[in-house]
Amino acid sequence: RQAKAAGLIDAVEYYDEFRAAVKKSFPGKKTKLASDYKDDGKLKIDPSNPMAAFQLVFGSLFGGKKEPKLEGPQIAVIYCTGPITSGESSYDFAGAVGSMGSETIVKEIDKARKNDQIKAIVLRINSPGGSGLASDMIWRAVERAKAAKPVIASMGDVAASGGYYIAMNANAIIADPQTITGSIGVVGMNVNMDQFWPWIGINPQRLSRGKRAAAFMTTKGLSEEDKTLLRDYMREFYGDFVAKVAAGRGKTPAEIEPIARGRIWTGREALKRGLVDRLGGLEDAIALARRRGGIAEDEKFGVLEYPRRKGAFAIFE
């Protein structure tokens, strides 16, 4: 917003809004936006990755599960697990999720949104939060999905800070009585290591041009002006967080702010304060998704789990 006000950029918008604006620039024409236009679809090996040969040899043996053939209505359960980061999700040797990448989760939500056989989406959240930007990308994907079908948030052990951020605009939020949630706030800091580097025999020298070029380096402390800028950034993000909680929960920012301030709540306490809609587990969330998705009680339906589990060699990718 500040960059736009200063005339450095032309617009502040999400990526899907940018894509829509590009297509609008070519009225009456069928426009395809290709972000991977140089990809010929052939298998490639990265020579800089020492484990690439393992991926090539064992990929077919230890690859993830293939997409099942769909019959009848479906409910998509998207597992949002681990610290929230930008980019793709990370996986351990066994293929289990190490961190929740915004690109991965957004891709899964968009895929479920576009699939007509999927009648509703359940976000199974077990996350302490993480990147504010990555959380906002997932929030936007949920906004898009809600326009097409119901989205239910199901909270596991913890859905706090960014974990609550990605749940707050769902059509309904279900939490376990002992879920740790809330933590509507923002944390920022700058590490000052100017005493540490000389202590271990390192003498850093800064070469910079511009008043702010070295503002957040670890080789010096923040000036009072730097601290003011950091606080202003945090306040702006916090205000945006509170406003989006209020919009998602049908309340005003003035009603949300006293229960925000970084405070954490159990699921039972969050229910009393209007941060969640009911108590229950994943099965309750799936049952609610079925009803909200218009699937009759006696009608058979499938449950699809995303992201698809990676193979044992996913760590080498």
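Here's what I pulled together on the structure shown here. These numbers were taken from a predicted model, which means no experiment stands behind them.

Quick look at a positive patch on the surface
- A grouping of Arg263, Arg268, Lys272 and Arg273 is seen on the molecular surface, where their side chains present a positively charged patch.
- Structurally, arginine 268 can be placed in helix 10 (residues 267-272).

A closer look at the pairing of strand 5 (residues 118-127)
- Most of strand 5 sits inside the fold, with 7 of its 10 residues counted as buried.
- Note: strand 5 against strand 6 (residues 151-160), 6 bridges, orientation parallel. Across the sheet, residue arginine 124 finds its bridge partner in strand 6, namely serine 154.
- In this fold, the crossover linking strand 5 to strand 6 by way of helix 5 (residues 132-146) has right-handed handedness.

Remarks on helix 4 (residues 102-114)
- Helix length check: helix 4 (13 residues) gives 18 Å between terminal C-alpha atoms against 18 Å at 1.5 Å per residue, within 8%.
- When we look at burial in helix 4, the residues that qualify are Ser102, Thr104, Ile105, Val106, Glu108, Ile109, Asp110 and Ala112.

Comments concerning the nonpolar core
- Counting 49 residues, the largest nonpolar core has Ile78, Ile109, Leu123 and Leu275 as its most contacted members.
- The contacts of isoleucine 78, once residues within four sequence positions are left out, are Ile105, Glu108, Ile109, Ala112, Ile121, Val122, Leu123, Arg124 and Tyr306.
- Counting residues in each nonpolar core, the second largest holds 13 residues, with Ile152, Ile174, Ile286 and Ile295 among its members.

Here we look at the pattern of salt bridges
- A full pass over the atoms with the stated rule returns 19 salt bridges.
- Across the salt bridge formed by lysine 244 and aspartate 136, the nearest N and O atoms sit 2.5 Å from each other. Highlighted residues: lysine 244 in helix 8 (residues 224-249) and aspartate 136 in helix 5, separated in sequence by 108 residues. Neither lysine 244 nor aspartate 136 differs from the other in exposure class; each is buried.
- Of the charged contacts in the structure, one is a salt bridge between lysine 211 and glutamate 225, with a shortest N-O distance of 3.4 Å. Highlighted residues: lysine 211 in the loop between helix 7 (196-199) and helix 8 and glutamate 225 in helix 8, separated in sequence by 14 residues.
- Assessed through its relative accessible area of 41%, glutamate 225 is described here as partly exposed.

Analysis parameters
- Along each chain, residue indices are assigned from 1 in the same order as the chain's sequence is written.
- Given that this is a predicted model, residues contribute local features only at a pLDDT of at least 70 and side-chain atom pairs are listed and counted only at 80 or more, while totals for whole chains, interfaces and linings are drawn from all residues.
- Hydrogens and water molecules were not included; the side-chain quantities draw on all heavy atoms of the structure.
- By definition, no residue in a patch forms a salt bridge, and every one has over 30% relative accessible area; like charges are joined within 9 Å, nonpolar side chains (Val, Leu, Ile, Met, Phe, Trp, Tyr) within 5 Å.
- In short, Shrake-Rupley with a 1.4 Å probe defines the accessible areas, and a residue's cover is counted only from the protein chains shown.
- One speaks of a salt bridge when a side-chain nitrogen belonging to Lys or Arg is within 4 Å of a carboxyl oxygen belonging to Asp or Glu.
- Just so you know, the count uses Lys and Arg for positive and Asp and Glu for negative, and it drops His and the chain ends.
- By convention, charge coordinates are those of NZ in Lys, CZ in Arg, CG in Asp, or CD in Glu.
- Under the scheme used here, helices are H or I runs from DSSP no shorter than 4 residues and strands are E runs no shorter than 2 residues, and both carry numbers assigned from the N terminus.
- Throughout this description, buried means an accessible area under 20% of the type-specific maximum (1.4 Å probe, protein chains only), exposed means over 50%, and partly exposed covers the range between.
- Pairing between strands is defined by DSSP: at least two bridges between them are needed.
- Here, the term right-handed applies to a crossover whose path from the first strand over the helix to the second runs clockwise when the strands point away from the viewer.
- In a helix, the anticipated span is given by 1.5 Å times the number of residues less one.
- We call a set of buried Ala, Val, Leu, Ile, Met, Phe, Trp, Tyr and Cys residues a nonpolar core when their side-chain atoms join them within 4.5 Å.
- Throughout, a residue-residue contact means that at least one pair of heavy atoms, one from each residue, lies within 4.5 Å.

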